Amino acid sequence: MSGNDEEDTSEPSSADNDVTTAVENLEISSSGDFPNQPFLAEMHQRRSATHSKLRAYEAKRRAAYESKLQSSSLYWRAFRTLMHDSLLETQKADALLRGWTHASETYEMSMRSVGEWCIDEKGVPVTDAKKKKKIFDAQEASAAVGGTGGDGARTLLAAAGYTTEEKCGSMIKSLANSASSVANQYSDMLKTMNGEVLPELSSLLEQLKSEVAVMEKLGDSIMHELETAEEEVCSAWLQYYNKAMEFIGSSASDIKAKHAGARVGAPVDPNAVVHGCTDVWVDEMRYRMAVAFLSSIWEKCSSELSKLFLSMKDAECNRRNQIKELLIKATQRQERLWLGLPGVVTPILKDLIEWPMERKTVEDDVQSSIRGRAQSIQRDEAEHKKADHSKVLAAGLTGVDMKDGNFELSSPLVSDLMSKAKVIEKRGTGLMSTWKVTLAIVTEDSFLQLFDLPSSCRLHPGSAPEVAFQNLIPPVVVPSLEGIKGGVKLPSAKTWFDHLEPTESFVLSNCTVSIKDAAAKDQNMFELVEALSGKMMARTRKMQFRAVTREEAMDFVEALKKSK
C-alpha cells in the first residue's frame, strides 16, 4: 500500500480534552451537526469525508476486479477444455493404435493358422493352442497310416492330405506358404508396434493425465483463491460500512452509549470483528488490509497463471510432436506391410508429414483454439443465463462517483480514525504476569487496541509501529506447481486476519490512567484501570504499561487522556 489517502488533521485543542463532559452537554440539531462542540463537528466531517472516499474507492475497485475475475475465469475454463480435449485426443490415438495392433495380431494368428492348415471344415482358422495341438497330432497320425487318418481327423483339412493327393496341391501349398509369409510380415510389424510405438504412446498418455490433473488442480485452486479473497474484501467492506453508518448517523449521546455498553450488557454479535467492540477503525483496518491482501493475491496468482498457461502450451507442443512422430512411425510400418494398398496409406502418410509443427504455428493454433472455446463458453452461458432479481446490491455502493475512488488505500496506521500508535510493554496485575511487547493503538472513537506481537518478530519497545504492524501480517502464499506436486496444503484467505484481531480492547471513556512519579523507580510506567459494570456488582480491569523513556510514557498517557 502507498501513501495517505487523506491529509493529516490537526490535534484537538486543550479546551476539548474532557470529551466525556462535552458529550453529556451536547445538543444535536435535526441535521445531525454538533453546534456546541466544533472539535466533534470537525471529527464528524472528517469521518464522513473519509467514508465517502472509501465508498467511491470500493465501487471502482469492484467494477475493475469483477471484470478481471470474469476474464481470468473465462480464460482458465477455455484452457481446461483444451487440456481435456488434448487428453481425449491422446486417448483416442492410443485406443486407435491398440485396436489396430490387436486387429493385426488377430490377422497374423489367423494367417499363420491358415499357413499351417489349422482350419476347421467351416473355413475358420483355429488359433487356440490346445485345439491346434490336436490338429498337429491328427496330421502326424494321418502321415503314419499313409491315408486320411482316424475318424477324429476326417473333419480337419490338415489331415486330408490335399497337398499330396491333388494336382493343384503345389499351388495350394504355395498359397498356404504365402499366408505364412503374410503372417511373418505382420509379426514383424507387431514387434515394432508393441516394442516401440505403443509403450511410448502409453507413457505419453499417463504423463499427460498426470500433468492435466496437476494443472487442473492448480488452476482451480488459484481461481478459488482469487474468488475467496474477493469475497473476504466484500465481507470486510460490509462490516465496515454497517459500523460506519451506525456512527455517522448517531448523535453524540448515542455514540457515548455505544461506548459505555461496548463490553458489558450488549448482545454478542457473531459477525463482529471482536465481540463487543464498537470501534469503526478496527473494521476499516480489516477492509484496508483485505484490499491489500487481494492485491497481493492477484499479483502472485497472475504470475502463477502465466506460468501455468506457458507450461500448458509447452506440454501441448510436446504432445503434438510426440503423437506426430508415433503416428508417422506406425503408418510407415503399415505402409511397408501394405504395399498393395498405396492409395489408402500414402495420402494419410502425406498428410501426417506435411502437418505443420513449427512452434509459432502450434502456439497460434493453441491460442486460436482457446479464444474460440472461450467465445463458445461465453455464448452458451449468455443463452442459458437467467436474470437473478433477488441479487442485493453491495452495501453503500449505489449512487457513488467512481472517479472519487481513484486513489490507493494507505496503511490503517495513517487512518483518520486513529490518533496514536506505539510499541510498548504491557503486564497484567497477577503475581505471575510478565512484561510482553505489544502494539498499542489509540483510536478516535476512544478505544485502546492492543495487538500482541509474534515471538518470532523479535521487536522491542520503541520500535516503529509500522514495522510492528507488518509483523502481524502473514506472508502471502498462493498455489504453485511445486506446492501441488509436493502435496503442500493449499493456503486459504480465511486465515488472513488471524493476527489482525486486537488481543485486548479498552473503552477509554470508562478508564482512568495514572503514571508513576518522576522520583519513582519505574518512572516510565503507567497504569490503566477500566470500570466494568456487571449484573451483580461493579468490576474493574487493570493493565500496566511501560515505555522506553518517561517522556514517551507521558506522551502516550496524554494521548489516552485526550481520547477519553
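See the structure shown above.
Predicted, not measured: the structure shown is a model, and the values here were computed from it.

Chemist: I'd like to hear about the overall build of the chain, residue by residue, with values.
Modeler: Scanning the chain from terminus to terminus reveals twelve helices and seven strands. Counting across all 564 residues of the chain, residues that qualify as buried make up 43%. Expressed as a percentage of contacts within the chain between residues at least 6 apart in sequence, the contacts between residues at least 24 apart total 73%. When the accessible surface of the chain is summed, it comes to about 30400 Å², and 53% of that surface belongs to carbon and sulfur atoms.

Chemist: Describe the sheet that holds strand β3 (residues 447–452), listing the residues and the values that go with them.
Modeler: The strand order across the open sheet formed by seven strands is β4-β3-β2-β1-β7-β6-β5, and the pairing between neighbours is antiparallel. For this open sheet the edge positions go to β4 (504–507) and β5 (511–515), each flanked by a neighbour on one side alone. For this sheet, the mean angle separating the axes of adjacent strands, direction not counted, is 30 degrees. With eight bridges connecting them, strand β1 (residues 418–427) and strand β2 (residues 436–443) associate as antiparallel partners.

Chemist: Requested: an account of helix α7 (residues 280–337), with residues and values cited.
Modeler: Counted at 1.5 Å a residue, the expected span for α7 with its 58 residues is 86 Å, and the 83 Å between its end C-alpha atoms agrees. The residue sitting at the N-terminus of α7 and contributing the capping side-chain oxygen is D279; that oxygen lies 3.2 Å from the backbone nitrogen of W281.

Chemist: Which residues make up the packing of α7 against helix α9 (residues 359–384), and what are the values?
Modeler: Orientation of α7 relative to α9, taken along the N-to-C sense of each, is 115 degrees, at an axis distance of 10 Å. The way α7 lies across α9 gives a crossing that is right-handed. Along its contact with α7, which presents K313, D314, E316, C317 and R320, the element α9 presents R359, V362, E363, D365, V366 and Q367.

Chemist: An account of the nonpolar core is requested, with residue identities and associated values reported.
Modeler: Counting 78 residues, the largest nonpolar core has Y287, L439 and F469 as its most contacted members. Of all the elements in the fold, those that place two or more residues in this core are α2 (38–115), α5 (169–248), α7, α9, β1, β2 and α10 (465–470). When residues of this core are assigned to their parent elements, the largest contribution, 20 residues, is made by α7. Once residues within four sequence positions are removed from consideration, Y287 is found in contact with L54, Y57, E58, V233, A236, W237, Y240 and L409. L528, A547, A553 and L560 belong to the second largest nonpolar core, which has 18 residues in total.

Chemist: Account for helix α12 (residues 550–562), with residues named and values stated.
Modeler: In a regular helix each residue adds 1.5 Å, so 13 residues correspond to 18 Å; α12 covers 18 Å between its end C-alpha atoms and thus fits that length. Along its buried surface, α12 packs onto β1, β2, β3, β5 and β6 (525–532).

Chemist: I'd like a rundown of the environment of A547, residues and numbers included.
Modeler: Among the secondary structure elements, A547 is positioned in the loop between β7 (539–546) and α12. When the C-alpha atoms of A547 and D522 are compared, they prove to be 9.9 Å apart, with 25 residues separating the residues in sequence. Contacts of A547, omitting those with residues within four sequence positions, involve I424, N524, E552 and A553.

Chemist: How would you explain the pattern of salt bridges if you had to name every residue and give the values?
Modeler: For the coordinates displayed, the defined rule picks out 31 salt bridges. E530 is paired through a salt bridge with R541; the nearest N and O atoms lie 2.6 Å apart. Within this pair, whereas E530 is found in strand β6, its partner R541 is found in strand β7, the two being separated by eleven residues in sequence. Judged by relative accessible area, which is 1%, E530 ranks as buried. Judged by relative accessible area, which is 18%, R541 ranks as buried. Among the charged side chains, a salt-bridge network with shared partners connects E89, E316, R319, R320 and D365.

Chemist: Now, about unusual backbone geometry: what can you tell me, with residues and values included?
Modeler: A positive phi angle is found at W117, which is not glycine, with a value near 65 degrees. Structurally, the position occupied by W117 is in the loop between α2 and α3 (129–145). In this structure, S446 is a non-glycine residue whose phi angle is positive, near 65 degrees. With respect to the secondary-structure elements, S446 resides in the loop between β2 and β3.

Chemist: Let's hear about the packing of aromatic side chains: which residues, and what values?
Modeler: Each aromatic ring pair is summarised here by two numbers: the centre-to-centre distance and the angle between the ring planes. Tallied over the full model, the rule gives 13 aromatic pairs. A ring pair is formed by Y75 and F309, whose centres lie 5.0 Å apart and whose planes are at 70 degrees; its orientation type is edge-to-face. Note that Y75 is positioned in helix α2 and F309 in helix α7, a separation of 234 residues in sequence. Look at F309 and you get buried, because its relative accessible area is 14%.

Thresholds applied
- Residues numbered from 1 in each chain as written.
- Predicted model: local features only at pLDDT ≥ 70, side-chain atom pairs only at ≥ 80, totals over all residues.
- Heavy atoms only, no water.
- Helix = DSSP H or I, 4+ residues; strand = E, 2+ residues; numbered from the N terminus.
- Buried < 20%, exposed > 50% of the residue type's maximum accessible area, 1.4 Å probe, protein only.
- Contact = heavy atoms within 4.5 Å.
- Areas by Shrake-Rupley, 256 points an atom, 1.4 Å probe, with all protein chains shown as cover.
- Pairing = 2+ DSSP bridges.
- Axes fitted to C-alpha atoms, helices over the stretch in contact; angles between N-to-C directions.
- Expected span 1.5 Å × (residues − 1).
- Polar contact = N/O pair within 3.5 Å; in protein donor to acceptor, adjacent residues only side chain to side chain.
- Left-handed = near helix turned anticlockwise from the far one by under 90°.
- Core = buried A, V, L, I, M, F, W, Y, C linked by side-chain atoms within 4.5 Å.
- Salt bridge = Lys/Arg side-chain N within 4 Å of Asp/Glu carboxyl O.
- Phe/Tyr/Trp six-rings, centres within 6.5 Å; stacked < 30°, edge-to-face > 60°.

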